[in-house]
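Overview (structure and organization)
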Amino acid sequence: VASGQLTDAQGFFERAASASSDNKIRGWSHLYLGRILDMQEHRQQAVEHYRAALNAGGPSELTAAAEKGLQQAYQPAAKASH
């Protein structure tokens, strides 16, 4: 995601979200899928993944990030220019 290869990242996160039996991995994968979809301006699909992240359970950082994603579309931090 950080390198701008959203399509590749999306595929990896989709596989992890569907194949992993670890709730933590599934939760984080759904969160990042939501962020990718927000960056692609697919808000409704992003919201579905944020909800799936919440339903997966996990650490408070994941829960907080998923709740934030439900409240507003993800905007990546701007890179500092030198």
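One can find the structure itself at the top, above this paragraph.
**Focus: the overall build of the protein**
- Counting secondary structure elements, the protein contains four helices and zero strands.
- Buried positions account for 29% of the 82 residues belonging to the protein.
- By sequence separation, contacts in the protein at least 24 residues apart represent 45% of the contacts at least 6 residues apart.

**With respect to the side chain of H49**
- Along the chain, the position of H49 falls in helix 3 (residues 43–56).
- Among the polar contacts made by the side chain of H49, one reaches the side chain of H30 at a distance of 2.9 Å.
- Other than its neighbours up to four places away in sequence, H49 contacts H30, L31, L33, G34 and L37.

**Thoughts on helix 3**
- Here helix 3 is 14 residues long and its end C-alpha atoms lie 20 Å apart, about the 20 Å a rise of 1.5 Å per residue gives.
- Among the residues making up helix 3, those that are buried are A46, V47, H49, Y50, A53 and A56.

**Notes on helix 1 (residues 6–19)**
- When the terminal C-alpha atoms of helix 1 are compared, their 20 Å separation across 14 residues agrees well with the 20 Å that a helix rising 1.5 Å per residue should span.
- Residues of helix 1 that are buried make contact with helix 2 (23–39).

About the thresholds
Residues numbered from 1 in each chain as written. Predicted model: local features only at pLDDT ≥ 70, side-chain atom pairs only at ≥ 80, totals over all residues. Heavy atoms only, no water. Helix = DSSP H or I, 4+ residues; strand = E, 2+ residues; numbered from the N terminus. Buried < 20%, exposed > 50% of the residue type's maximum accessible area, 1.4 Å probe, protein only. Contact = heavy atoms within 4.5 Å. Polar contact = N/O pair within 3.5 Å; in protein donor to acceptor, adjacent residues only side chain to side chain. Expected span 1.5 Å × (residues − 1).

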